[in-house]
Amino acid sequence: MTTSTEESLWSRCFHPAPDSPRQVFCFPHAGGSASFYFPVSAQLSSVAEVFAVQYPGRQDRRNEKSPDDIGVMADRIYAALRKRLHERPTTFFGHSMGAVLAFEVTRRFEADGGELSHLFVSGRRAPSRHRDETVHLRDDRGIVAELKDMAATNVALLDDEEMLRMILPTVRSDYRAIETYRCEPGAVVRAPVSALTGDSDRKTSLDEAEDWRAHTTGAFDLKVYPGGHFYLNSQAPAVIALLRAHLSTGGRAPEGQSLSG
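This structure is a prediction, so every number in the text was calculated from the model and none was measured.

Take the overall build of the protein chain next. What the protein chain contains, in helices and strands, is nine helices and seven strands. Since a compact globule built from 261 residues should have a radius of gyration of about 18 Å, the 17 Å found for the protein chain is in line with a globular shape. Structurally, the protein chain occupies a C-alpha span of about 50 × 40 × 35 Å along its principal axes. Counting across all 261 residues of the protein chain, residues that qualify as buried make up 54%. Restricting the contact set of the protein chain to residue pairs at least 6 apart, pairs at least 24 apart contribute 80%. Total accessible area on the protein chain is roughly 11,500 Å²; 51% of this is exposed by carbon and sulfur atoms. Both charge centroids of the protein chain, one from 31 positive and one from 35 negative side chains, sit 1 Å from each other.

Right, let's get into the pairing of strand β6 (residues 193-198). Burial analysis of β6 places six of its six residues in the buried class, the great majority of the element. Residues of β6 alternate between two faces, with Val 193, Ala 195 and Thr 197 on one and Ser 194, Leu 196 and Gly 198 on the opposite face, all of them buried. Pairing analysis gives six bridges linking β6 to strand β7 (residues 220-225), with the strands arranged parallel. In the strand pairing of β7, Ser 194 is matched with Asp 221.

Moving on, we get to the packing of aromatic side chains. This model, assessed by the stated rule, comprises eleven aromatic pairs. With centroids separated by 5.2 Å and ring planes inclined at 85 degrees, the aromatic side chains of Phe 36 and Tyr 37 adopt a geometry described as edge-to-face. When its relative accessible area of 2% is taken as the criterion, Tyr 37 is described as buried. Counting every residue linked through ring pairs, the aromatic cluster contains Phe 36, Tyr 37, Phe 93, Phe 120 and Phe 230. Lying across the ring of Trp 10, Arg 61 places its NZ or CZ 4.3 Å from the centre.

Below, the discussion takes up the state of the cysteines. Scanning the entire structure with this criterion turns up zero disulfides. In this structure Cys 13 is a free cysteine whose sulfur lies 11 Å from that of Cys 26, the closest cysteine sulfur available.

A word on the confidence of the model for the protein chain. Residues with a pLDDT of 70 or more make up 90% of the protein chain, whose mean pLDDT is 90. pLDDT under 50 marks residues 253-261. Its contacts with residues more than four places away, or in other chains, come to 15 contacts.

Quick notes on the rules
Residues numbered from 1 in each chain as written. Predicted model: local features only at pLDDT ≥ 70, side-chain atom pairs only at ≥ 80, totals over all residues. Heavy atoms only, no water. Helix = DSSP H or I, 4+ residues; strand = E, 2+ residues; numbered from the N terminus. Rg over C-alpha atoms; globule rule 2.2 N^0.38 Å. Buried < 20%, exposed > 50% of the residue type's maximum accessible area, 1.4 Å probe, protein only. Contact = heavy atoms within 4.5 Å. Areas by Shrake-Rupley, 256 points an atom, 1.4 Å probe, with all protein chains shown as cover. Lys, Arg positive; Asp, Glu negative; His and termini not counted. Charge placed at Lys NZ, Arg CZ, Asp CG, Glu CD. Pairing = 2+ DSSP bridges. Phe/Tyr/Trp six-rings, centres within 6.5 Å; stacked < 30°, edge-to-face > 60°. Lys NZ or Arg CZ within 6 Å of the ring centre and 35° of its normal. Disulfide = S-S within 2.5 Å. pLDDT = per-residue confidence, 0-100.

Structure follows, in structure tokens:
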């Protein structure tokens, strides 16, 4: 049986709202941590209780080894959060690697009898769309260059040698996990899916984002924002407004309003 201790290892609730009828779980990008979603939690706490998934190998879990396999990570996340996910209507939001993990945890949730209210997948091509990427095979300098290019973290941190020694093993492990991930052929979820992407994201083309449509038997829509892979940084108000509209209507798009832009 999953213990509360195991659950607390894998999720952070920055703004508790235990009486809210809805909950949201946010999945960070490769190298990212739960704190990335602190602003989202603050903005949505009036309409849902927000939990941010905390992967091993970062922040307060920095002494743990992060799995370098998406399937293993999804299994562990679902095992830790299973009880809470079944307690009330739940929405998932995942960015980049987090989008794939949110999808895979949704598959496990649904196989266990759960029904997700909505799956928001951001900054990631559809699971069936593969590119040969080898960032995880680069030397440390090459990985740092990738992080700077993607604006994945504070540039000042990447110039701090002590900080780099702490974070690079976990970043490399995350990149290995997502770059070696292969989706099971024909994998679908029942949950409605909204794909969000930046119009100049070099990691995800519009047709690669559109192909998320093939991975749900429910409703699908695509939302395109100005910006690159981390369009979230500049478009946070718009994305939060989208999530608020979804949550304020009990997990559905408001009557007569599409989630599409």
